[in-house]
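So you can see what is in the structure, the chains are spelled out below.
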Amino acid sequence: ISPAADPAVISPQDPTLLIGSSLVATCTVSPDFHLKAEDLYWTLNGRRLPAASYAALGPTTLSVALARLNGSKQQSGDNLVCHSRDGGILAGSCLYVGLPPEKPVNITCWSKNMKDLTCKWAPGTEGETFLHTNYTLKYKLRWYGRDNTCQEYHTAGPYSCHIPKDLALFTPYEIWVEASNRLGVAVSDVIMLDILDVVTTDPPSDVHVSRVGDLEDQLSVRWSSPPALKDFLFQAKYQIQYRVEDSSEWKVVDDVGNQTSCRLAGLRPGTVYFVQVRCNPFGIYGSKKAGIWSDWSNPTAASTPRS
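Residues numbered from 1 in each chain as written. Predicted model: local features only at pLDDT ≥ 70, side-chain atom pairs only at ≥ 80, totals over all residues. Heavy atoms only, no water.

Strand order across the open sheet formed by 4 strands is 23-22-25-26, with antiparallel pairing between neighbours. Unpaired on one side and paired on the other, strand 23 (251-257) and strand 26 (300-303) mark the two borders of the sheet. Geometrically, the sheet is characterised by an average inter-axis angle of 30 degrees between neighbouring strands, direction not taken into account. The pairing of strand 22 (residues 235-244) with strand 23 spans 4 bridges and is classified as antiparallel. Its bridge partner lying in strand 23, tyrosine 238 is registered against glycine 257. (Pairing = 2+ DSSP bridges. Helix = DSSP H or I, 4+ residues; strand = E, 2+ residues; numbered from the N terminus. Axes fitted to C-alpha atoms, helices over the stretch in contact; angles between N-to-C directions.)

Next comes the structure, spelled out in structure tokens:
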């Protein structure tokens, strides 16, 4: 801020980045305004700072010492302002109090029906270290090819990105995340994956639940394999979960295997049950790794016969 154009100069000038937790700032008034150091006071985010933190460094210069500063709670920074006695604003500075970004961790990825790739990560133990942090997911084929940058962020939560197309099969990818803020850059470890090893599907479709004759303690559940993978060589395992109408507690049946039907037994007579099914594809084109569970299908309801 030029002293010829404004009544005061504040140092350090806007914006100020703080890695530590303390700061001394000075406000020097132009002689043309006939103000003295004792005519000045300071505010931080609109709150007047105590006079005990001031020091007159000259007839027209007042400093303020800020100790144990907390990290900035607002993305626009913290407003440190020098005022005249009547409350007028003489000069100000925007303080950003925080730390350089931490290395992103826990990168996990999945491919929906082998057509795309979505990845999530965690920002590190300190979160975004009080400063707005940008995250960039990058990927490339392991043995050749250039670096690519993911473009569709926040598709599966705040720390996620979606790659919708142009992915290669049978070749591993290197994937990593770069975090950057006003104080620096941090890069995650590189993970390697093959699209075939991280496949998930749509939930099973056409889920039907019906009575088994007059058997009062049983229901029959049938469903169809995920249609998007019908033309691919793969196996699947299924899970069923069910609950009674007036309960929020689900009971899971794990041992359904590769079949597309199951009979639930040991149920209460005359009771409405909600049933859901999900799928885990594995062995796609000979992949040795287990797939990833799909979402659950929409609940389907049926009631057992009354005794």
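Okay, the pairing of strand 12 (residues 134-141) next. Two faces, one strand: in a regular strand the side chains alternate between the faces of the sheet. Burial of strand 12 is one-sided: the residues Tyr135, Leu137, Tyr139 and Leu141 facing one way are buried, the residues Asn134, Thr136, Lys138 and Lys140 facing the other way are not. Here 2 bridges tie strand 12 to strand 13 (residues 148-149), and the two strands are oriented antiparallel to one another. Bridge pairing in strand 13 links lysine 138 to threonine 149. Between strand 12 and strand 13, which follow one another and run antiparallel, lie 6 residues, and glycine 145 among them has a positive phi close to 95 degrees. (Buried < 20%, exposed > 50% of the residue type's maximum accessible area, 1.4 Å probe, protein only.)

With respect to topology, 5 strands assemble into an open sheet ordered 14-15-11-10-19, the strand pairing being mixed. Sheet topology places strand 14 (152-153) and strand 19 (199-200) at the edges, where each strand pairs with a single neighbour.

Turning to the state of the cysteines, a few remarks are in order. Applying the stated criterion across every chain yields a total of 3 disulfides. What pairs with cysteine 27 in a disulfide is cysteine 82, and their sulfur atoms sit 2.2 Å apart. Because the sign of the S-S torsion sets the handedness, a value of about -85 degrees for the bond joining cysteine 27 and cysteine 82 places this disulfide among the left-handed ones. Of this pair, cysteine 27 sits in strand 3 (residues 23-29) while cysteine 82 sits in strand 8 (residues 78-84); the two residues are 55 residues apart in sequence, bridging distant segments of the chain. In this pair, the class of cysteine 27 matches that of cysteine 82, namely buried. The disulfide bridge from cysteine 150 ends at cysteine 161, spanning 2.0 Å between sulfur atoms. Here the S-S torsion is close to -100 degrees, and the disulfide linking cysteine 150 with cysteine 161 is therefore left-handed. (Disulfide = S-S within 2.5 Å.)

Moving on, we come to the pattern of salt bridges. Taken as a whole and assessed by the stated rule, the structure comprises 4 salt bridges. Note that aspartate 189 and lysine 103 form a salt bridge whose closest N and O atoms lie 3.2 Å from each other. Here aspartate 189, found in the loop between strand 17 (184-187) and strand 18 (191-193), pairs with lysine 103, found in the loop between strand 9 (89-97) and strand 10 (105-112); they are 86 residues apart in sequence, far enough to count as distant. Given the relative accessible area of 51%, aspartate 189 is considered exposed. Of the charged contacts, one joins lysine 112 and aspartate 202 as a salt bridge, the two residues approaching to 3.4 Å between their closest N and O atoms. Of the two residues, lysine 112 is situated in strand 10 and aspartate 202 in the loop between strand 19 and strand 20 (205-211); the sequence distance between them amounts to 90 residues. (Salt bridge = Lys/Arg side-chain N within 4 Å of Asp/Glu carboxyl O.)

With that out of the way, let us pick up the confidence of the model for the protein. For the protein, per-residue confidence averages 86 on the pLDDT scale, and residues scoring 70 or more make up 90% of the total. Every residue in residues 1-15 is under pLDDT 50, and counting partners more than four places away or in other chains gives 47 contacts. (pLDDT = per-residue confidence, 0-100. Contact = heavy atoms within 4.5 Å.)

A few words on empty space enclosed by the protein. Scanning the entire structure with this criterion turns up 1 cavity of 30 Å³ or more. Size it by volume and the largest cavity reaches roughly 30 Å³. Along its surface, the largest cavity is lined by Leu196, Asp197, Val199, Pro281, Phe282, Gly283, Ile284, Ser287, Lys289, Ala290 and Gly291. Along the lines of polarity and charge, the residues of the lining of the largest cavity split into 6 nonpolar, 3 polar and 2 charged. (1 Å grid on protein atoms, 1.4 Å probe; cavity = no way out; pocket = protein on both sides within 12 Å on 5 of 7 lines; lining within 4 Å. Points joined across faces, edges and corners; volume = space filled by probe spheres on them. Nonpolar A, V, L, I, M, F, W, Y, C, P; charged D, E, K, R; others polar.)

Moving on, we get to the side chain of serine 160. Secondary-structure assignment places serine 160 in strand 15 (residues 160-163). The class of serine 160 is buried, set by a relative accessible area of 0%. A polar side-chain atom of serine 160 sits 3.3 Å from the main-chain amide nitrogen of threonine 155. (Polar contact = N/O pair within 3.5 Å; in protein donor to acceptor, adjacent residues only side chain to side chain.)

Right, let's talk about the side chain of asparagine 280 for a bit. Examined against the element boundaries, asparagine 280 turns out to sit in strand 25 (residues 272-282). Excluding residues within four positions of it along the chain, asparagine 280 makes contact with Gln235, Ala236, Lys237, Ala290, Gly291, Ile292 and Trp293.

Looking now at the packing of aromatic side chains. Two numbers describe a pair of aromatic rings. These are the distance of the centres and the angle of the planes. A full pass over the atoms with the stated rule returns 5 aromatic pairs. Centre to centre, the rings of tyrosine 135 and tyrosine 159 are 5.3 Å apart; their planes meet at 80 degrees, and the pair counts as edge-to-face. Here tyrosine 135 is found in strand 12, whereas its partner tyrosine 159 is found in the loop between strand 14 and strand 15, with 24 residues between them in sequence. Since its relative accessible area comes to 12%, tyrosine 135 is described here as buried. (Phe/Tyr/Trp six-rings, centres within 6.5 Å; stacked < 30°, edge-to-face > 60°.)

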